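Structure assessment
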Amino acid sequence: MEDPLQMVERIEIASQQLLGSHEVRLQIARWCDEFRQAANDIMHDRGVSLPCFGIIGAKGQGKTWIARQLVLDPAIAQLLPSGVLSKEATTRLHWIGPSAPEALDNSREIYLACPSQSMLDFQKPYMVLDTPGYTDEDPSAAAIAKEAMSLAPIKLLVARRDQLRSAIHVQLAALTEGSVCLPIITCVPQTDSGSLQRDIQWYSAALSSSAPGTRFLEPILVPDFEALGDEAGIAQRMRLDLQARLAHEDLKVASATKSARLRVASDRLRKRVSEAIENQVPELAWAISQLANTADTLPSQAI
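Residues numbered from 1 in each chain as written. Predicted model: local features only at pLDDT ≥ 70, side-chain atom pairs only at ≥ 80, totals over all residues. Heavy atoms only, no water.

1. As for the packing of helix α3 (residues 63-70) against helix α9 (residues 231-246)
Filter applied, for reference: Only the stretch in contact is used when a helix axis is fitted, and all axes are lines through C-alpha atoms; the angle between N-to-C directions ranges over 0 to 180 degrees. Strands here are runs of E lasting at least two residues and helices are runs of H or I lasting at least four, both read from the DSSP assignment and numbered beginning at the N terminus. Angular relationships are summarised with four words: roughly parallel below 35 degrees, roughly antiparallel beyond 145, roughly perpendicular across 65 to 115, and oblique for the angles in between. Note on contacts: a residue pair is in contact if any heavy atoms of the two residues lie within 4.5 Å. In the scheme used here, Gly and all other residues not listed as nonpolar or charged are polar, with Ala, Val, Leu, Ile, Met, Phe, Trp, Tyr, Cys and Pro taken as nonpolar and Asp, Glu, Lys and Arg as charged.
In contact at an axis separation of 10 Å, α3 and α9 are set at 75 degrees when each is read in the N-to-C sense. Looking at the two axes, α3 sits roughly perpendicular to α9. Of α9, the residues touching α3 (which contributes W65, I66, Q69 and L70) are E231, I234, A235, M238, R239 and L242. Along the lines of polarity and charge, the residues of the contact of α3 with α9 split into 7 nonpolar, 1 polar and 2 charged.

Here it is as structure tokens:
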């Protein structure tokens, strides 16, 4: 595979030479910066050698409640903020586990030290990343959520039952390419309308279509514990379900996806640049196509 940093440099040079001051060049420059950050995170893992579980989703889906089920020490679990209101919501990236990441940005990240024996047992040490909502109104929080996607090769994608058909979950799934992803559906009513299975089938198909390079596991359903009044029982069931789904996953193998994730990130950047040029600078795309066609005919004409 081509070196990703050399690829992005070639794209930047070419766009500058071909597009000059055109606004699409600035857009491509932003995408290149995002790619460079993502590639750096994938290649270096922020100095954390342990497998990482990234808990991702839109705002208000129950991500932090899921994170708390992985942390068995109540004192540490209660340090994780959650809620729909801005004062309650997660707005910074929380690293939880036995190994502190390098170059922690205190304005955007928090590290909560948690020994392995105080975390849900998966037979090997690991880290948890509790991310801000991808749809947070705070642009900084939303940007952190997006950047965090590249840090975790194992992703828990959280979606509320009543928002299962929201397009945002499919958009999020596209960012999981090259990973292992466990969908978790929260706030499931005790008596559903009967459309639950149809919606789950639609949701699973939409996720797979959006991210064909991702290995999706069977979804976990979490009942609406507020309506049932049994949070402790449902939390225990959730932990058992997590262990059952991930029991056969080799965390080291699942984490060894750097090349796959880099390839997917590179392909995504190339696609974005290509579509931007075709849609916003069609005359340039046409000229490049004509030049390529002409070049293809030159050898035969020379003969």
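Past the structure itself, the notes keep going.
2. Some thoughts on the confidence of the model for the protein chain
Stated precisely, the cut-off is as follows: Known as pLDDT, the predictor's confidence for each residue is given on a scale from 0 to 100.
Here the protein chain shows a mean pLDDT of 81. Residues at 70 or above account for 80%. Within the protein chain, the lowest mean pLDDT, 55, falls on helix α10 (residues 251-255), and the highest, 95, falls on strand β8 (residues 220-223).

3. Quick notes on the packing of aromatic side chains
Operational definition: To pair, rings of Phe, Tyr and Trp, with the six-membered ring standing in for Trp, must have centres within 6.5 Å; the planes then decide the type, stacked if under 30 degrees apart, edge-to-face if over 60, and tilted in the middle. Summary of the burial criterion: residues with accessible area below 20% of their type's maximum are buried, those above 50% are exposed, and those between are partly exposed, where the area comes from a 1.4 Å probe applied to protein chains only.
Under the definition given, this model contains 4 aromatic pairs. Ring geometry for F122 and Y126: centres 5.3 Å apart, planes at 70 degrees, overall edge-to-face. Looking at Y126, the relative accessible area reads 2%, which means it is buried.

4. Regarding the nonpolar core
For the record, the criterion: The nonpolar core is taken to be a set of buried Ala, Val, Leu, Ile, Met, Phe, Trp, Tyr and Cys residues, with the residues joined through side-chain atoms within 4.5 Å.
The biggest cluster of nonpolar side chains holds 33 residues, and the ones touching the most others in it are L70, I184 and L242. Of all the secondary-structure elements, those providing two or more residues to this core are β1 (52-56), α3, α4 (74-77), β5 (154-160), β6 (180-188), β8 and α9. The element best represented in this core is α9, accounting for 5 residues. Excluding residues within four positions of it along the chain, L242 makes contact with L70, L120, F122, L156, L182, I184 and I220.

5. Structural notes on the side chain of D130
Applied cut-off: Charge assignment in this entry is limited to Lys and Arg as positive and Asp and Glu as negative, and neither His nor the chain termini are counted. Should a side-chain nitrogen of Lys or Arg be within 4 Å of a carboxyl oxygen of Asp or Glu, the pair is scored as a salt bridge. Under this definition, polar contacts are N or O atom pairs within 3.5 Å; protein pairs additionally need one hydrogen-donor-capable and one acceptor-capable atom, and for neighbouring residues in sequence, both atoms have to be side-chain atoms.
The topology assignment puts D130 in strand β4 (residues 127-130). Buried charge without a salt bridge: D130, with K63 as the nearest opposite-charge side chain at an N-O distance of 6.0 Å. At 2.8 Å, the side chain of D130 and the side chain of T64 are in polar contact.

6. Let's talk about the side chain of T131
Its location among the elements puts T131 in the loop between β4 and α5 (139-148). A polar contact of 2.8 Å, which involves the side chain of T131, links it to the backbone oxygen of I55.

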